[in-house]
Amino acid sequence: MTPAVFEPATPLAPPTGRTTNDLIRQQNLASVLSLLHSRGALSRAQLGATTGLNRSTVTGLVMELTELGLVREAPGGERTGKVGRPTLDIEPEDHVAALSVRAEPHAVTVALVGLGGVVHARLRHDTASAPSPRRFVQIVASSVEAMRADIDRHYRVVGAGLAVPGLVNANGSVLVSPTLGWRRDPVSARLSDELGMPVTAGNDASIGALAESRFGVGVGVGNLLYLGGAMHSIGGGLIIDGTLLRGTSGYAGELGHTVVDPRGRACVCGRRGCLEAEVSLDLLEPLLGRRKLDEDELDVELGVARNPRVMTEVTRQVEMLSLALTNFVNAFAPETVVLSGYLGALLSVSRERLADAVRVHPLGAEGRTIRLERAHLRSRLMLVGPAELAFADLLSNPAGFRG
């Protein structure tokens, strides 16, 4: 594939030589576009009330974003006061899109996601085993090729975001992904060369935290702890004072390797009793007599389970998860704790016990309430999440976009 196919946005101009007014304008454009991206259609009055900008400033910003092709007018629900004349809301232009890519041990998923988190298309390629980085890039390229005609006709793609279950550094290289068997691989550079567009990679759990904070249960939450349970792993993401915590080289959030039982099961990391080794769908599925359950199927199975061995294992895993949650809440003092995937299914059948872990035990909990929630995005989480990485530059500097 050649770069001309998707015509990604021109790299953003450096900030040198700009006046204070230029910087304020950029910040205001970014605030308005980011708000529309996460909240959807809003009236000009709502934009002003939320951002604190006056009416004329909002009008000018909306006009500029419209000229850039990033927002559009749409019939709104508010009335102007004149019979039969609704106001026009402003909504993000969802034909400005990004590719969202997810790597899993037994599947590769590629989605086309527009501004506002609109999923336009999705292709899933199941694999018999974890693909090598080279094979992964081939599968993604083939999936994108299948979408090419539709993209050429209808969309402007700004880049691609990639979610990987493992340690991913700031350059998009995978240090290690035990479930995929990848080590020290520049997978985002490989994919960028193949697709001819910028590719930004990140840890899947951190991406999950970001997506829930923008489109799900975490909207408006400044401090959020996210724990996601996949088939073979548990990952964590932290939003601290409104910002995703990345840590040194982008490696923060490996909460699945917190030890909850020093004499417990062997973990892929080499230690014993890590959270992801003790709280695992792999341990439960043989007792249920079914394999590769999705989240909805698991809800049903756990909701009707009467097998004593199943219930004993669920209780054991919930106790381990409760111990970890208490430690995490003590360490990070979040406003909201979000459980996703397999952990969300455990929450659905053990809410009282898990809520107790975040409500009662944390030091200094008196006078503050910690919400414990299941991820709202569910199956959409890893479709819209990776796209957020690709949209980051656009949302921070809309004026630099020239599709």
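Residues numbered from 1 in each chain as written. Predicted model: local features only at pLDDT ≥ 70, side-chain atom pairs only at ≥ 80, totals over all residues. Heavy atoms only, no water.

Undergrad: Requested: an account of the overall build of the protein, with residues and values cited.
TA: Along the protein, the regular secondary structure elements total 13 helices and 15 strands. Looking at the protein alone, contacts between residues at least 24 apart form 64% of all its contacts between residues at least 6 apart. (Helix = DSSP H or I, 4+ residues; strand = E, 2+ residues; numbered from the N terminus. Contact = heavy atoms within 4.5 Å.)

Undergrad: Please give an account of helix 13 (residues 381-396) that cites residues and values.
TA: If you check helix 13, its first and last C-alpha atoms are 22 Å apart, about what 16 residues at 1.5 Å a residue would give, namely 22 Å. Considering bend angle alone, the principal kink of helix 13 is centred on Ala390 and spans about 50°. Across the 16 residues that make up helix 13, a large majority, 13, are buried. (Expected span 1.5 Å × (residues − 1). Bend = angle between axes of the 7 residues up to and from the residue. Buried < 20%, exposed > 50% of the residue type's maximum accessible area, 1.4 Å probe, protein only.)

Undergrad: So, the environment of Ser177: which residues are in play, and what are the values?
TA: Mapped onto the fold, Ser177 is located in strand 8 (residues 174-177). The buried category is assigned to Ser177, whose relative accessible area is 0%. Those residues in contact with Ser177 that lie beyond four places of it in its chain are Val164, Pro165, Gly166 and Trp182.

Undergrad: Please set out the pairing of strand 12 (residues 234-240) residue by residue, giving values where relevant.
TA: Most of strand 12 sits out of view: six of its seven residues are buried. Sheet topology places strand 11 (residues 224-229) next to strand 12; six bridges connect them, and they run antiparallel. Note that in strand 12 the partner of Leu227 across the bridge is Gly236. From the end of strand 11 to the start of strand 12, which pair antiparallel, there are four residues. Sheet analysis places strand 12 next to strand 13 (residues 243-244), joined by two bridges and oriented antiparallel. Paired with Ile239 across the bridge in strand 13 is Leu244. Counting the residues that bridge the hairpin from strand 12 to strand 13 gives two residues, and of these Asp241 lies at a positive phi of roughly 50°. (Pairing = 2+ DSSP bridges.)

In short, the description is geometric, and any link to function would need to be established separately.
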